[in-house]
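Letter by letter, the chains look like this.
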Amino acid sequence: MAIEKKAKVEVEGKKAKVADPIAASIDIATQEMILRAQKLGIDTVFDRAEAMKPCNIGNQGTCCKNCAMGPCRLPLPKAGIEGEDTRKGLCGATANTIAARNFARMVAAGAAAHSDHGRCVAEVFMSAARKETEAYQIKDTEKLLAVAPHLGVETTVEKDGQVLDRNIDEIALEVAEKALNEWGKPEGELLYLKRAPEPLYEKWKKNGVLPRNIDREIVDIMHRTHMGVDQDYKNIVKQCTRASLADGWGGSMLATDLQDILFGTPYPLQSEANLGVLKKDQVNIVIHGHEPVLSEMIVATAQKPEMIEYAKSKGAKGIQLSGICCTANEILQRHGVPLCGTFLQQELAIITGAVEAMVVDVQCIFQNLANVAKCFHTKVITTHPISRMEQSNVEHIEFDEHHAIEDAERIVRIAIDNFQNRGADVIIPTQKNVQIAGFGVESVQYHLGGTFRGTYYTLNDNIINGRLRGIAGVVGCNNARTRHNEGHIQIVKELIKNDVIVLTTGCNGIACAMEGLLTPDTAAVFCGPGLAEVCETVGIPPVLHLGSCVDNSRILLAATEVAKAGGLGKDISDLPAAGSAPEWMSEKAISIGQYFVSSGVYTVFGATFPTSGAPVFQKYLFEDLEKVYGGKWDFEPDPIKHAHKMIAHIDAKRKALGIDKARERVLMDMADRQKLEA
Ligand code: SF4
Ligand code: MSK
């Protein structure tokens, strides 16, 4: 289909301002489907972003509706603030207080979303450990044994003077108990915090931000941001740090670990990405959301010979599973299930007319999916007790780990039965790309680590000798206020061109996969000579896909391994590394950003930043926090400048480490390395 500029269509009977498909996305498949939707008179998020402009004051973070005397709106004067900032709400709350409270509530919501996901996994893990369910078992005992000590669970016992391996079932049960305890224990601190480099842990301790338990830190934010409680933005940020650490080094890290133990630790595998993975002659089931507990069962069910036969009996050639958002990343990294698209493509998958069922769990799910589905035969199935939709065409099949297999079979059968209702007007874009995904702390160590010291030393060596300039974590969503995938791709390409290896998760990972950046062959085309050489030697892509949003915890642990391997300082804040969320939109991204910053990472956000209406508070985030934790926030909407801010930071860290000259490829001997470590 040729892309026409500015389609003129009617949306819901009215002449509506609609998106220019080319201006809305860099991706041809996305452009095609936006245009198809417009021709069919179906509005998508891209059109709605044209029709509705964001509120400026909300955008600046200075609208408060925390009590019924408001909303109090404190717009930033066009000329900026000269002299004292006298803006205040009815209660006297300053712009700093209001912006800090709003920011903190975003951290709370983000940390809650990740951590509640982790809790759900921990509950399923407990059922598996108690052997209450046939659907879930302890799959990766090696990972269980690796995780257990971090939760204070012994893996051996002493008997008659001998050290014996402890029974795996006993270990699993104790791990489940200890893990679940992290959400609400009455005293102490989170157990995983000690996995951080020691200087970082000491920094947190000194500043009094060690999280006590996961739930408490989130509740604390909701309390202190209630009307008339905490009115000191620095103190509010301190709690943001506690709650975000409870996310990154708590709920998210537990989610990742327990999922790995239950479903298997990811290992690099090949798959595909973009709307072109949908199949015209097969039953298409698209899985969307974040929690993989049910989707794991759907993957297993869809592969059963009797289900494939059933699909054939209904006229299909088979069953094609694919995914949107992070449930997609979860089943991609463990099973190679292809990615159908990013966050902004969820409606477009249905617009193809080829989707029999869209099965959703939690987070990042558009309510408008139900409206789009009404125009096609697609069944939208919600599966989570906390995530339902009001529209009557949505079916709810509530997942329960005790009858997970039955739930999955019911869902797959509904999709198969629906195949015969598919209309004749099916258009599946041809675009898709090959990807290698499924990297993790363990596989990065295997590919880039080598046997010397059994750690990340070879990776460090390549950074020290300058082949690799540094490491970037580029993560996060799409945002309909920016051109779909443009920021993601331009930033990642600029980084790898400058020899910065990229670790990706979430929708950035999907965007990179769609663009073909997740293959080793990419290295020769897009990378600087140093990174290209490393990728070609080791056989890895220059962009390593580490999984879903909760798997940003893998980036924290990979950074920790780099710091511990030596030669690049002692703390994450010493590393030539930076973080980025080019097109963020979710509150989870703010929680992730805050735990990156509080773990010592310079973190740049694109699209927009929710504190611009409170310059003093924003300066605290952008400058002063660095003195406390070694990391700081920044904002840069221009993708190339964004990448170069990260590169400048990486270069500054190289200089501080005394390895800036090594970019000339001076190979270091052991004495040089020891000097650096001293
Ligand atoms: Fe206004 Fe204060 Fe109430 Fe916020 S808490 S709405 S600033 S009166
Ligand atoms: S799915 S949180 S849009 S990355 Fe994790 Fe994508 Fe952002 Fe959702």
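A quick note: this is a predicted structure, and the numbers were derived from the prediction, not measured. (Residues numbered from 1 in each chain as written. Chains lettered and ligands numbered in written order. Predicted model: local features only at pLDDT ≥ 70, side-chain atom pairs only at ≥ 80, totals over all residues. Heavy atoms only, no water.)

Overall, parallel pairing links the six strands, which are arranged β17-β16-β15-β18-β19-β20 in an open sheet. The strands lining the two open edges of the sheet, one partner per strand, are β17 (543-545) and β20 (633-635). Each neighbouring strand pair of the sheet contributes to a mean axis angle of 25°, computed without reference to strand direction. Here strand β16 (residues 500-504) pairs with β17 via three bridges, running parallel. When the bridges of β17 are listed, Val502 appears paired with Val543. (Pairing = 2+ DSSP bridges. Helix = DSSP H or I, 4+ residues; strand = E, 2+ residues; numbered from the N terminus. Axes fitted to C-alpha atoms, helices over the stretch in contact; angles between N-to-C directions.)

This next bit is on the nonpolar core. Tyr136, Trp204, Trp249, Leu495 and Trp633 are the most contacted members of the largest nonpolar core, which totals 218 residues. A per-element tally of this core places helix α5 (residues 95-129) first, with 18 residues. Discounting chain neighbours no more than four positions away, the residues touching Leu495 are Ala472, Val474, Val500, Val502, Ala643, Met646 and Ile647. (Core = buried A, V, L, I, M, F, W, Y, C linked by side-chain atoms within 4.5 Å. Buried < 20%, exposed > 50% of the residue type's maximum accessible area, 1.4 Å probe, protein only. Contact = heavy atoms within 4.5 Å.)

Another point: the packing of aromatic side chains. The description of two aromatic rings rests on the distance between their centres and on the angle between their planes. A complete count under the given rule lists 15 aromatic pairs for this structure. Both rings, one in Phe343 and one in Phe366, keep their centres 5.0 Å apart while their planes meet at 80°; by these two values the pair is edge-to-face. A residue pair is termed long-range when its members are at least 10 positions apart, and Phe343 in the loop between β10 (339-341) and α14 (346-351) and Phe366 in the loop between β11 (357-360) and α15 (368-374) qualify at 23 residues. Residue Phe343 is classed as buried on the basis of its relative accessible area of 7%. A ring pair is formed by Phe609 and Phe635, whose centres lie 6.3 Å apart and whose planes are at 45°; its orientation type is tilted. Of this pair, Phe609 sits in the loop between β19 (602-605) and α25 (615-629) while Phe635 sits in strand β20, placing them 26 residues apart in sequence. An aromatic cluster is present here, built from Phe103, Tyr233, Trp584, Phe605, Phe609, Phe617, Tyr620, Phe622, Trp633 and Phe635 joined pairwise through their rings. One cation-aromatic arrangement involves Arg195 over Tyr192; the distance from NZ or CZ to the ring centre is 4.5 Å. Geometry around Tyr310 places Arg413 over its ring, the cationic atom sitting 4.7 Å from the centre. (Phe/Tyr/Trp six-rings, centres within 6.5 Å; stacked < 30°, edge-to-face > 60°. Lys NZ or Arg CZ within 6 Å of the ring centre and 35° of its normal.)

Before going further, it helps to spend a moment on the confidence of the model for the chain. For the chain, mean pLDDT is 94; residues scoring 70 or higher make up 95% of the total. Across residues 1-8, confidence stays below pLDDT 50; counting only partners more than four residues off in sequence or on other chains, it has 22 contacts. (pLDDT = per-residue confidence, 0-100.)

Cis peptide bonds are those with omega within 30 degrees of zero, and the linkage from Gly70 to Pro71 qualifies with -5°. Structurally, the position occupied by Pro71 is in the loop between β3 (63-64) and β4 (72-73). Phi angles above zero are rare outside glycine, and Cys364 is one such case at about 70°. Along the chain, the position of Cys364 falls in the loop between β11 and α15. For Cys364, a relative accessible area of 18% gives the class buried. One non-glycine residue with positive phi stands out, namely Ala607, at about 70°.

Domain assignment breaks the chain into domain 1 (10-51), domain 2 (95-263), domain 3 (275-421) and domain 4 (433-657). If you average the C-alpha positions of domain 1 and of domain 3, the two centres end up 24 Å apart. Contacts between the two partners involve 14 residues from domain 1, matched on the other side by 13 residues from domain 3. Taking both partners together, domain 1 and domain 3 bury about 1,000 Å²; carbon and sulfur atoms supply 73% of that area. The interface formed by domain 1 and domain 3 contains one salt bridge. A salt bridge links Glu347 to Arg48; its shortest N-O distance comes to 2.8 Å. Joining domain 1 to domain 3, the criterion identifies six residue pairs in polar contact (both at pLDDT 80 or more). Residue contributions to the side of domain 1 that touches domain 3 peak at six residues, all from helix α2 (residues 28-39). (Domains from an automatic or database assignment. Buried area = accessible area lost by both parts, 1.4 Å probe. Salt bridge = Lys/Arg side-chain N within 4 Å of Asp/Glu carboxyl O. Polar contact = N/O pair within 3.5 Å; in protein donor to acceptor, adjacent residues only side chain to side chain.)

Around ligand 1 lies a shell of 13 residues, among which Cys64, Cys67, Cys72, Cys91 and Met227 are the nearest. Per-class residue counts for the shell around ligand 1 are nine nonpolar, three polar and one charged. (Near = heavy atom within 4 Å. Nonpolar A, V, L, I, M, F, W, Y, C, P; charged D, E, K, R; others polar.)

With that out of the way, let us pick up the pattern of salt bridges. Scanning all chains against the criterion turns up 44 salt bridges. Taking the shortest distance from any N to any O, the salt bridge between Lys432 and Glu272 comes out at 3.4 Å. Of this pair, Lys432 sits in the loop between α16 (404-418) and β14 (433-437) while Glu272 sits in strand β7 (residues 269-273), placing them 160 residues apart in sequence. Lys432 sits in the partly exposed class, given a relative accessible area of 37%. A cluster of three or more residues bridged by salt bridges with shared partners is formed by Lys143, Arg195, Asp257, Asp260, Glu330, Arg334, Glu442, Asp551 and Arg554.

Running from amino to carboxyl end, α5 crosses helix α24 (residues 587-598) at an angle of 95°, the nearest separation of the two axes being 7 Å. Relative to α24, the element α5 is oriented roughly perpendicular. Contacts between α5 and α24 pair Phe103, Met106, Val107, Ala109, Gly110, Ala111, Ala113 and His114 from the former with Glu587, Lys588, Ile590, Ser591, Ile592 and Gln594 from the latter. Partitioning the contact of α5 with α24 into residue classes produces eight nonpolar, four polar and two charged. (Parallel < 35°, antiparallel > 145°, perpendicular 65-115°, else oblique.)

Right, let's get into the pairing of strand β8 (residues 283-289). Taken across its seven residues, β8 has seven buried, putting it largely inside the fold. Burial along β8 is two-sided: Val283, Ile285, Ile287 and Gly289 and Asn284, Val286 and His288, pointing in opposite directions, are all buried. Pairing of β8 with strand β9 (residues 319-324) involves six bridges; the strand directions are parallel. From the neighbouring strand, Ile285 faces β9, where its bridge partner is Leu321. In this sheet, β11 lies alongside β8 in parallel orientation, the contact comprising four bridges. Across the sheet, Val286 pairs through a bridge with Met358, a residue of β11.

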